[in-house]
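Listed below are the residues making up each chain.
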Amino acid sequence: MDESDASFPTLQHLARQRVVSLVGECSVHAIGPAAWSKLSAPQWSLVLSLAAAYKLLTDDVLVALAVAPDPPALAELKLAGAGGHLTGVGVAALASCEVLCSSLRALDLSRCVAVPPDALCTLLKRCTGLQRLVLLRTTAATDEVLCSLPPSLEALDVTRSTRVTDKGLCALAASPCSATLVTAVLDACPGISGAGVEQ
C-alpha cells in the first residue's frame, strides 16, 4: 500500500460513518415523516443490526422507530451486540408497536445484557408470528421467557444462558410452541441437565 493510500478511510470506517449518520437522523430528537420515509423495511433491518454491532443502538432509536408515523413492517430484527445500551425501555417500545409485532418473524437479542425478562415476555406475547428467536448470552433468557414463547416458533437458541433450567424446558415441552419447534440450541447452559433435554 502506498503512503498516499493511508489517508483514505477504510471501508469499515465509511460504513460506521454512514450508520452513525442514519442512526442520528432516526434519533428520538429528529423524528418526523421526512426522516422515516428515507428507509425501507430491509434498510431499517440493516441499519439496526449494524448500529447494534457498533454499539450505537440505544433505547431512543427503538422508541423513535416504534412511535414513527409509518413504522416499517420488519420481518427480521437483529439487535445482537447492543450490550447494555438496549434495556427494557426499548423492548417495551417495540412491544407497543402493532405493525412491528405483527410483521416480525426473526428476533436476535444475543449479548443484550440489560433487557429484563418481563419486557421480553411482553414482546414475545405480542409477536404471534415469530418463528426464530436467538438469545445467546442474554440475561433475559429465563424459564419465564420459555413459558411466553409464541406458538409459531420454529427455532430457539439460548446458548450460554445461565438462567434457563430444567423447569423451563419442562414448561416449554408442555407449551403450544412444542408442536412447531424444530430446533432448540441449548449448548453450555449450566442449569440444564440431560434429564431436562430429554423432556
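Residues numbered from 1 in each chain as written. Predicted model: local features only at pLDDT ≥ 70, side-chain atom pairs only at ≥ 80, totals over all residues. Heavy atoms only, no water.

Participant: Help me out: how do you make sense of helix α5 (residues 88-95) in this one?
Facilitator: Count 3.6 residues to each turn of an α-helix, and residues three or four apart come out pointing the same way. With 6 of 8 residues buried, α5 is to be regarded as a mostly interior element. Every buried residue of α5 is accounted for by Gly-88, Gly-90, Val-91, Ala-93, Leu-94 and Ala-95. For α5, the secondary structure elements touched by its buried residues are α4 (59-66), β1 (76-78), α6 (98-103) and α7 (117-126). (Buried < 20%, exposed > 50% of the residue type's maximum accessible area, 1.4 Å probe, protein only. Helix = DSSP H or I, 4+ residues; strand = E, 2+ residues; numbered from the N terminus. Contact = heavy atoms within 4.5 Å.)

Participant: Where do I start with the side chain of Ser-152 in this structure?
Facilitator: Among the secondary structure elements, Ser-152 is positioned in the loop between α8 (143-146) and β4 (155-157). For Ser-152, the side chain forms a polar contact with the main-chain oxygen of Leu-130, separated by 2.6 Å. Other than its neighbours up to four places away in sequence, Ser-152 contacts Thr-128, Gly-129, Leu-130, Gln-131 and Thr-180. (Polar contact = N/O pair within 3.5 Å; in protein donor to acceptor, adjacent residues only side chain to side chain.)

Participant: What is the right way to read the packing of α5 against α7 from this model?
Facilitator: Running from amino to carboxyl end, α5 crosses α7 at an angle of 15°, the nearest separation of the two axes being 9 Å. Considering the angle they form, α5 stands roughly parallel to α7. For the pair α5 and α7, the crossing hand works out as left-handed. Taken together, the residues of α7 that come into contact with α5 (itself represented by Gly-88, Val-91, Leu-94 and Ala-95) are Ala-119, Leu-120, Thr-122, Leu-123 and Arg-126. (Axes fitted to C-alpha atoms, helices over the stretch in contact; angles between N-to-C directions. Parallel < 35°, antiparallel > 145°, perpendicular 65-115°, else oblique. Left-handed = near helix turned anticlockwise from the far one by under 90°.)

Participant: Looking at this structure, I do not really get unusual backbone geometry. What am I missing?
Facilitator: With glycine set apart, most residues show a phi of negative sign, and most peptide bonds adopt trans. A positive phi angle, close to 60°, is found at Arg-160, a residue other than glycine. By the element assignment, Arg-160 lies in the loop between β4 and α9 (166-174). A residue is classified by how much of its surface remains accessible, and Arg-160, at 45% relative accessible area, is partly exposed. Not every positive phi belongs to a glycine, and Ala-188 is a case in point at roughly 55°.

By themselves, these observations are geometric and do not establish any function.
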